[in-house]
Amino acid sequence: MNAPPSVAPLGKDLLGLASLSGDQIRLILDTAEPFKEISERAIKKVPTLRGMTVVNLFFEPSTRTRISFEFAEKRLSADTVNVASSGSSVSKGETLVDTARNLEAMRIDMVVVRHEASGAARFLAERIESNVINAGDGTHEHPTQGLLDILTLRDRLGDLRGRRICICGDVLHSRVARSNIFGLKTLGADVAVCGPRSLLPNAIDELGVTVFQRIEAAIEWADALNVLRLQLERMNAGFIPSLREYNRVFGVTSRRLAAAPRDVLILHPGPMNRGVEIDSDVADGEHSVILNQVTNGVAIRMAVLYLLAGGRPELAGAARRGGEA
Ligand code: CP
């Protein structure tokens, strides 16, 4: 792996996939390919981002995204600091921007932010000089999750033009669904959603996707299903009659998949509600690529960090002096 490019092909920040071109998305996916191999080495470290400091600001719970970013940063030799709302001055009422500006005063380079408010990543990016990477903001976007899903689909299906991808379940509350829809459509895939009307956004028709009301019809149509978590913590009204009823009508089960005319690839961004949106034998079954998604997440995040760092000629110089990655 060479030193970062001397221009920033993604701009300063990665806030979502809606604003990325097909060339930019393909660049991230192609850049992730060689990074996959680094994680398979006995010594999983290259000097590419040596000397850079990345702050992971996580104001919502996370397992996969937070740890994946931290692995990606460490494998590129960046220095990392993790900040959670509990235990920091955020719990005393400090604002997001004040927290970030205080961190910048300690000379950081990048901020990875997860926040419950849609738009929080952009709000921050417009107010600080450091690169900002959106690690999930409210119900808006989760771009690195969308990219790792797309990389996993591309690994198995090849060119995604004309491939049929259905996003199933709680689309209403899902930033993952939005990033997938934007990214997949930009790459030419046929995208559908399937779920109860109460869990689809009112403006779903404006996103240019097919809508299935029945999971059986979605399974018959699709090359791949991306099964979403039912986000019970974001539901403040009776969106579904019960979890048991949801599983009965919309659950992705082996019985339903057995009726499909072709093998259907199964994705899930995690964390899963087993026995609700997806049955365990499907999640752990031969067509599941759920753990491949997690593995690809590290490579995607390494690629994003690397490409955003490309706007820093002094960094590229330092990385070259440190040797080829
Ligand atoms: N997929 C995802 O964002 O998982 P976490 O909430 O564990 O980060």
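What counts and how
- Residues numbered from 1 in each chain as written.
- Predicted model: local features only at pLDDT ≥ 70, side-chain atom pairs only at ≥ 80, totals over all residues.
- Heavy atoms only, no water.
- Near = heavy atom within 4 Å.
- Polar contact = N/O pair within 3.5 Å; in protein donor to acceptor, adjacent residues only side chain to side chain.
- Areas by Shrake-Rupley, 256 points an atom, 1.4 Å probe, with all protein chains shown as cover.
- 1 Å grid on protein atoms, 1.4 Å probe; cavity = no way out; pocket = protein on both sides within 12 Å on 5 of 7 lines; lining within 4 Å.
- Sits in = over half its atoms within 2 Å of the grid points.
- Nonpolar A, V, L, I, M, F, W, Y, C, P; charged D, E, K, R; others polar.
- Domains from an automatic or database assignment.
- Axes fitted to C-alpha atoms, helices over the stretch in contact; angles between N-to-C directions.
- Helix = DSSP H or I, 4+ residues; strand = E, 2+ residues; numbered from the N terminus.
- Parallel < 35°, antiparallel > 145°, perpendicular 65-115°, else oblique.
- Left-handed = near helix turned anticlockwise from the far one by under 90°.
- Contact = heavy atoms within 4.5 Å.
- pLDDT = per-residue confidence, 0-100.
- Points joined across faces, edges and corners; volume = space filled by probe spheres on them.
- Pairing = 2+ DSSP bridges.
- Phe/Tyr/Trp six-rings, centres within 6.5 Å; stacked < 30°, edge-to-face > 60°.
- Buried < 20%, exposed > 50% of the residue type's maximum accessible area, 1.4 Å probe, protein only.
- Lys NZ or Arg CZ within 6 Å of the ring centre and 35° of its normal.
- Buried area = accessible area lost by both parts, 1.4 Å probe.
- Salt bridge = Lys/Arg side-chain N within 4 Å of Asp/Glu carboxyl O.

A. Seen up close, the site of the ligand. Near the ligand the following residues occur: Ser62, Thr63, Arg64, Thr65, Arg114, His142, Gln145, Pro269 and Gly270. Between an oxygen atom of the ligand and a side-chain N or O atom of Arg114, the distance comes to 2.9 Å. Taking Gly270, its main chain carries an N or O atom lying 3.4 Å from a nitrogen atom of the ligand. Bound to the protein, the ligand loses 91% of the 260 Å² it would expose on its own. Among the cavities detected, the one that contains the ligand is the largest pocket. Each residue belonging to the shell around the ligand can be placed in one class, and the counts come to one nonpolar, six polar and two charged. When residues of the shell around the ligand are assigned to domains, at least three map to each of domain 1 (22-142 + 297-320) and domain 2 (143-292).

B. Structural context of the packing of helix 1 (residues 22-38) against helix 11 (residues 290-308). Contact geometry for helix 1 and helix 11: axes closest at 7 Å, N-to-C directions at 120°. Classified by the angle their axes make, helix 1 and helix 11 are oblique. Crossing hand, helix 1 versus helix 11: right-handed. Packed against helix 1, whose contacting residues are Leu27, Ile28, Leu29, Thr31, Ala32, Phe35, Lys36 and Ile38, the element helix 11 presents Asn296, Ala299, Ile300, Met302, Ala303, Val304, Tyr306 and Leu307 at the interface. Class assignment for the residues of the contact of helix 1 with helix 11 results in 13 nonpolar, two polar and one charged.

C. Region of interest: the confidence of the model for the protein. Averaged over every residue, the pLDDT of the protein is 92; residues scoring 70 or more account for 92%. Within the model, pLDDT remains below 50 along residues 311-325, and this stretch shows 28 contacts once partners closer than five positions in the same chain are excluded.

D. Examining the layout of surface pockets more closely. Here the largest pocket is characterised by a volume of approximately 420 Å³. Taken together, 20 residues make up the lining of the largest pocket; nearest its centre are Arg114, Arg175, Arg229, Gly270 and Pro271. Mapped by element, the contributors of at least two residues to the lining of the largest pocket are helix 2 (64-75) and helix 6 (175-186). For the lining of the largest pocket, the per-class residue count stands at five nonpolar, eight polar and seven charged.

E. Expanded view of the sheet that holds strand 4 (residues 131-137). With parallel pairing, the four strands of this open sheet are ordered in space as 2-1-3-4. The open sheet has two free edges, formed respectively by strand 2 (79-84) and strand 4, since each of these has just one partner strand. Pairwise comparison of adjacent strand axes, ignoring direction, gives a mean angle of 15° for this sheet. Relative to strand 2, strand 1 (residues 53-58) is paired through six bridges, and the arrangement is parallel. Across the sheet, residue Asn56 finds its bridge partner in strand 2, namely Asn82. Where helix 2 meets the sheet, it contacts strand 1, strand 2, strand 3 (110-115) and strand 4, and its direction lies at approximately 175° from that of strand 1.

F. The packing of aromatic side chains, seen in detail. Summed over the entire model, instances satisfying the criterion amount to three aromatic pairs. Summarising the aromatic geometry, the rings of Phe35 and Tyr306 are spaced 5.5 Å apart at their centres and angled 75° between planes, so their arrangement reads as edge-to-face. Residue Phe35 is located in helix 1, and its partner Tyr306 is located in helix 11; the two are separated by 271 residues in the primary sequence. A residue is classified by how much of its surface remains accessible, and Phe35, at 0% relative accessible area, is buried. Exposure remark for Tyr306: the relative accessible area of 6% places this residue in the buried category. In this arrangement the basic side chain of Arg75 is found over the ring face of Phe71, its NZ or CZ atom lying 4.7 Å from the centre.

G. A look at the domain arrangement of the protein. On domain assignment, one finds that the protein holds domain 1 (22-142 + 297-320) and domain 2 (143-292). Its C-alpha centre places domain 1 at a distance of 27 Å from the equivalent point of domain 2. Contact with domain 1, which involves 28 residues of that partner, is made by 25 residues of domain 2. With both sides pooled, the region where domain 1 packs onto domain 2 buries about 2,100 Å², and carbon together with sulfur makes up 59% of that total. Looking only at domain 1, the three residues that lose the most surface to domain 2 are Leu29, Thr139 and His142, adding up to 29% of its buried area. Scanning the region where domain 1 abuts domain 2 turns up four salt bridges.

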